[in-house]
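# Tertiary structure, described
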Amino acid sequence: MLTWFLRQLNFSDELIRHLGDVHLDVQRPLVLLVGLLLLIPISFFIYYRQKRNLPTVPFGLRLTLTVTRVLILLLLVLVLAAPFARLDHRSENKPVVGVLLDHSQSMHLPAGLFESDDELLRVARAAGFRSEGDRVEADVRRSLNRMVRARLAQTVLENSARGFFQKLGNRYDVRYYSFGQTATRLGIDPKELKFPEPPVPGASSTRIGEAIAQVQDDTAGVQLAGIVLFSDGNNNAGRSPVDALRAAAAPLFAVPVGTSTRQRDVAIVDVFATTQVTVQDTATVAVTVESHGFEKRPVKVVLRDGDVVLQEKEVVLHDAEQQQIELTFKAEKPGLRHLTVSVPVQPEEPEHLRSNNTDHVFVRVSEEKLKVLLVDGTPRWDFRFLKNTLRRDNGIGGRTAGEPDVLVETEWRRMSKEAQAKALPRTIEQMQEYHTIVLGDVSPTMLDRAFLELLDRAVREKGVGLIVQAGPVSMPHRHADKLHELLPVRLERGKPGRQPRGIPSFRLELAPEGMLNEATRFYDEPGRNQMAWANLPRYYWSAAVEKPAPGATTLVYNPIPTAFGKMPLVAHHYAGQGRVLFVGTDETFRWRQNVGERFFARFWGQSVRFVARRDEAGSKKSRLEARPYRTPPGEPVEVELMAFKADGAPMTDGSVKVQVAGGGKFDPVAMRPDPLVPGRSGGRFTPMALGEYVVSATGLASPLEARVRVTGAAEEMRQPNVDRYGMAQLAGLTGGRLVELSDLATIEEDLRGESRYTELRREISIWDNWLVLTLLIVLYTLDVGLRRLMGLS
Amino acid sequence: MSKTFFRRACLSVALFGAALLPFVPAQAPEKKGPATPISEVRIVERVNAATDRALDYLESKQIKDGPNAGAWNASNNAINALSILAFLSRGHVPGRGKYGDTMGEGGTVKPGVLTLAKKYLISTQSKDRATAGYLAVAGGSMYAHGLATLALVELYGQDPDPELEEATRKAVNLILRSQGPMGGWNYGPTAVDGDLSVSVMQIVAMRAASNAEIPVPKAAIDKAIRYLRHKQNPSGPGYGYAGPGPGTCQTSAAGVLSMQLLGQPADPQVEKTLDWLMATTKADWAGGGATYFYYYHYYAIQAFYQHGGKNWNEWHPPIRELLLAKQNKDGSWDVPPGTAEAAYAPAENKAYSTALATLVLNIYQHFLPAYQR
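Residues numbered from 1 in each chain as written. Chains lettered and ligands numbered in written order. Predicted model: local features only at pLDDT ≥ 70, side-chain atom pairs only at ≥ 80, totals over all residues. Heavy atoms only, no water.

### Some details on the pattern of salt bridges
Here is the rule: Salt bridges are defined as contacts in which a side-chain nitrogen from Lys or Arg sits within 4 Å of a carboxyl oxygen from Asp or Glu. Numbered from the N terminus, helices here are DSSP runs of H or I no shorter than four residues, and strands are runs of E no shorter than two. For each residue, the accessible area found with a 1.4 Å probe, counting protein chains only, is set against the maximum for its type, and the residue is called buried under 20%, exposed over 50%, and partly exposed in between.
In total, this model carries 68 salt bridges over all chains according to the counting rule given. Salt-bridge contacts for K369 of chain A lead to D281 of chain A; the nearest nitrogen and oxygen are separated by 3.9 Å. One end of the pair, K369 of chain A, is in the loop between β15 (358-366) and β16 (370-376); the other, D281 of chain A, is in the loop between β9 (276-278) and β10 (282-292), with 88 residues separating them in the sequence. Overall, K369 of chain A belongs to the partly exposed group, its relative accessible area being 27%. With relative accessibility at 14%, the residue D281 of chain A sits in the buried group. Residue K282 of chain B is joined to D284 of chain B by a salt bridge in which the shortest nitrogen-to-oxygen separation is 3.7 Å. Taking relative accessible area as the criterion, D284 of chain B reaches 25% and is therefore assigned partly exposed.

If you want it as structure tokens, here you go:
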């Protein structure tokens, strides 16, 4: 009611919120004073005049008539004095300290074993256990060794660090967050400091970067004094914590929770296989094993297809050194093979670290090799590595030979005219034999107008896949529009490329679409994939891309801004029936750094297959694809349908229905038609349960099917040790540092920022509103009405 | 001829010394504190930091002005080539990045380390008809030519300079022209069979050229394979220096790598020799069985890497840790005392040892196309 009343007097929300600091005043105090002084004799005058003129009127009525007239005059005096309300408010804006509590699955690992007495003593004291002298009692030792990491962090906060954080609340706005896959602000009373039990079993990934970004978002416009991170440091998904910290511009105090002793563990940290091989080929599966606590112990790495052992090899374990081993198997029948790689569980390995002894890989065995043509301008490093990678790929061959067809312009130039003419495909029949054509930094001399015309037809009409990798000499800035029109990007005309002027180097950023796409998918787990891309080395040359072509999809960005947003670095689209992929740098060889073939071969092998011609010799058969073949629950799966009638005409009437069966459900998939490619449509679904999902399309001449396997993500337990080194590195980047659980009180001296005070001053007039007018009218009407009713003059 | 004799004499002395090694009292192992467990990431960072410092050292030792601008050593292109390869092995390519070309005042381009070095190498190439393409006119014999050709081949393609292409083709042609009737190479640019040590340098360069699509006749490859098979020990592991036999650890490691690069990784002599090297040599600053410490480890780590598996897993950590421990504060490396390479690395310019140590450590980078597995 009061609020309503105040609003009628023009009080704004700010004034109502700080009502205690609102004062009333008048603009013309002299008018008010004189008016009030004059009003006293006038009031007497009115009363005596009424008494003389209206002697027969009862006293009550006479008094009422006098009061209404005096009140009208009083109101007029007040209006003339111009009363107003003034707000004088001073508010304190405390800098924010974000406290991030890691509640991922790995934080449910035991905090111990604390092998060093000194470390145990420090942690015991921090957690509030009493200790006599320098000894920790046996039951305390047992208790701490069994306590899970998340619980230990909260115990320390509720005990030894309680006073410190309560005191910190006087100077800072301390906000507590729980994070794993997402970050949620906890409603913690800073005076009580009582935390809810950590969620069980915890989040399936740790996204430190996302959590930092959440704190930054929540504190927009407020100073961020620092971030205190309680974690085991195993960031395995989401955006890069380094980038998030740079954006937040606040010091990070990384608090490692758990023992510094490495756990005894054998883990398969990476498995890589060529995704497609041909029947009768020998496929290679490269396995990387890391271990601790089993120095020089021989173990067998086993490759299985179901229960059948395909190959096993012995590897001798070395602490902290990754061991690489290659296993092979002969692909005997076509189809999708779901292979398992495992290292036997060692008796000393704790129960919770046994899941990382196994990993899976998919291999598609086809009856025909993909036919690939690779052409480049010079033997640049990308060309050399790519050529060898393709040659080694058992699923790839050439038009006439078992190996891909390779041609480099520097040698082509030295050929006779006849040999030059034969070196490249010159008829549509020859060109459509290829599934994929890869063009490097080739000049228009070699890729002449006739070749480009043919290439355009082969891609648009026959569905031949095309990959164009840019280069500073010719590609694509020196080429005719015919080639540019095929590309999924639009470039700055005539500009050979960009070098990182003003910054040391360029970096890569995986676009949201790139997380799903099979070309840019290094790992099935999206978080792990994103991390892998975020950690790829920087580079020094990029094509001068302006924007994606209409309908194109950007997979990877060079995040420098153009007039149209971030610069696309890897993008694809459909040009007619064929897919075209553009790679805007000639430095993918850098992806070999420290890992060899792992990412370089994955990207190129998958890209060549992603764009490859699907239909035999350009015939138009319907097809249904679901990607990725394997995914963790809760991650989207993309469905692509190409629908043709029996006569090869595209089906555009929406009569084809797509459904997905899995997890005990049968749901339709909403398909969106591609306006640029008749017959093509795409959709998505998100599987939530483990197991196999079958996507089917009905309404076609013959029904189609695609399968997706949903498996649990093992990322959380792949690196089970507390990554103190990584945490220290991260903190060091921001001007923060690594802080032990027992030293939390030392954080305050390094927090940035002081309280800022805001003066809030507002003045509003409180007389020019309808309430005053109504009051005046009511009083006047009362006076006139009473006189009329009583028949007075 | 006299040089050959001198080298053979040196080698014989070294082998004699090596034969006496078992009678030398063993040195007590150094006492070490408890090993701190380190993760793979940390290993990589330590190695990168070490090789970055080494490249800064090499950059500081490059001659920047005058007629020898671009060189590290004006009388031996082997050292210049190794220095170029050290930069390339860390992913530094001509014109780009930290050591790339820069814009000076008035829009002039200031050539970077690799551009300067490339120009120097090309400027030293023989224009004489008989020795056209020879890159060791100033000294260093076919050793230097093989290494310089390898450096040019690795630069070629990343740098569109037509002069570089021409010089590279000429250098490769000289190697092909100089192959002896048996398939080997000698110290001079003539078609005479010499020893395995100098032949290996040509084989690596030839293989790199083939990888860069420069035509290398199959006959030359086949002859080189026959030559290597002729040099292998008929009754056990190893590759001989001048004739068939076990040779030294240096010639054996070089022989293995040559066989691998020539497409013979499954040759039984390869595995046998690697097992033997694994058993008889080690990463040790006192030599560990090698007379030419850097020469040996340059070839050995590549050979073990190419082979992969158990031997690679066992081999690389000790040599890595040894080199990391022995790096000087200025980023350079010394030649281990008592080994045979001291003459190549004087105190004022340790480009030879620093470049080779960098190449050994940069095995983890996987950048040099010539050494792709």
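### Description of the environment of G209 of chain A
Residues and elements named next belong to chain A. For clarity, the threshold we go by: Contacts were defined at the residue level, with two residues in contact if any of their heavy atoms lie within 4.5 Å.
As for its placement among the helices and strands, G209 is situated in helix α9 (residues 208-218). With 33 residues separating them in the primary sequence, G209 and V242 have C-alpha atoms 7.3 Å apart. The contacts of G209, once residues within four sequence positions are left out, are N235, R239, S240, P241 and A244.

### Side note on the nonpolar core
We count it as follows: Among buried residues, those of type Ala, Val, Leu, Ile, Met, Phe, Trp, Tyr and Cys that are joined through side-chain atoms within 4.5 Å constitute a nonpolar core.
L455 of chain A together with Y299 of chain B are the most contacted members of the largest nonpolar core, which has 193 residues in total. Ranked by residue count, the leading element in this core is helix α11 (residues 293-307) of chain B, at 11 residues. With near-sequence residues (within four places) excluded, Y299 of chain B lies in contact with V200, M201, V204, A253, A254 and L257 of chain B. Listed in part, the 43 residues of the second largest apolar core include F114, M147, Y176 and V228 of chain A.

### Let's talk about the packing of aromatic side chains
The cut-off we apply is this: Side-chain rings of Phe, Tyr and Trp, where Trp is taken by its six-membered ring, are said to pair if the distance between their centres is within 6.5 Å; with planes under 30 degrees apart they count as stacked, over 60 as edge-to-face, and otherwise as tilted. Definition used: whenever NZ (Lys) or CZ (Arg) falls within 6 Å of the ring centre and also within 35 degrees of the ring normal, the charge is taken to sit over that ring.
Applying the stated criterion across every chain, the model contains 30 aromatic pairs over all chains. Arranged with centres 5.2 Å apart and planes meeting at 70°, the rings of W381 of chain A and F589 of chain A form a pair that is edge-to-face. With W381 of chain A in helix α11 (residues 381-392) and F589 of chain A in the loop between β26 (578-583) and α19 (597-611), this residue pair connects regions lying 208 residues apart in the sequence. By the burial criterion, W381 of chain A is buried, and F589 of chain A matches it. With a centroid separation of 4.9 Å and an interplanar angle of 80°, the aromatic rings of F87 of chain B and Y99 of chain B are classed as edge-to-face. Remark: Y99 of chain B occurs in the loop between α3 (77-89) and β1 (102-103) and F87 of chain B occurs in helix α3; sequence separation between them is 12 residues. Comparing F87 of chain B with Y99 of chain B, the two get one shared label, buried. Against the face of Y757 of chain A rests R90 of chain A, its NZ or CZ located 4.5 Å from the ring centre. Taking NZ or CZ as reference, K547 of chain A lies 4.6 Å from the ring centre of F564 of chain A, over its face.

### Overview of the sheet that holds strand β8 (residues 265-273) of chain A
Residues and elements named next belong to chain A. Heads up, the condition is: Here a strand pair is declared whenever DSSP counts at least two bridges between the two strands. Lines fitted to C-alpha atoms define the axes, with helix axes restricted to the stretch in contact, and inter-axis angles between N-to-C directions lie between 0 and 180 degrees.
Taken together, the three strands give an open sheet; going across it, the order is β8-β10-β13, and neighbouring strands pair in antiparallel fashion. Each end of this open sheet is capped by a strand with a single partner; those strands are β8 and β13 (323-330). For this sheet, the mean inter-axis angle between neighbouring strands, taken without regard to orientation, is 25°. Of the strand pairs in this sheet, β8 and β10 are connected by eight bridges, and their pairing is antiparallel. If you follow D265 over to β10, its bridge partner there is H292. Packed onto the sheet, α19 meets β8 and β10 and runs at close to 35° relative to β8.

### Some details on the packing of helix α9 (residues 249-261) of chain B against α11 of chain B
Residues and elements named next belong to chain B. Let me state the cut-off plainly: Throughout, the term roughly parallel applies to angles under 35 degrees, roughly antiparallel to angles over 145, roughly perpendicular to angles from 65 to 115, and oblique to all others. Crossing handedness is defined as follows: a turn of the near helix away from the far one that is anticlockwise and smaller than a right angle gives a left-handed crossing, while the clockwise case is right-handed. Residue classes follow a fixed rule: Ala, Val, Leu, Ile, Met, Phe, Trp, Tyr, Cys and Pro count as nonpolar, while Asp, Glu, Lys and Arg count as charged, and any other residue, Gly among them, counts as polar.
α11 packs onto α9 with a crossing angle of 40° between their chain directions and a minimal axis gap of 8 Å. Considering their axes alone, α9 and α11 lie oblique with respect to each other. The way α9 lies across α11 gives a crossing that is left-handed. The segment α9 lies against α11, with C249, Q250, A253, A254, V256, L257, Q260 and L261 engaging Y295, Y296, Y299, A300, Q302, A303, Q306 and H307. Here the contact of α9 with α11 is built from residues that sort into 11 nonpolar, five polar and no charged.

### What about the confidence of the model for chain B?
Residue and element names in this part refer to chain B. Put simply, the test is: One number per residue, pLDDT, summarises how confident the predictor is, and it ranges from 0 to 100.
Of the residues in chain B, 89% have a pLDDT of 70 or more, and the chain-wide mean is 88. Confidence, expressed as mean pLDDT per element, reaches its minimum in chain B at helix α1 (residues 2-20) with 38 and its maximum at helix α13 (residues 351-361) with 98. This model gives residues 1-38 a pLDDT under 50, and the stretch forms 18 contacts once residues within four places in sequence are excluded. Reported confidence for the predicted complex is 0.90 by ipTM and 0.77 by pTM.

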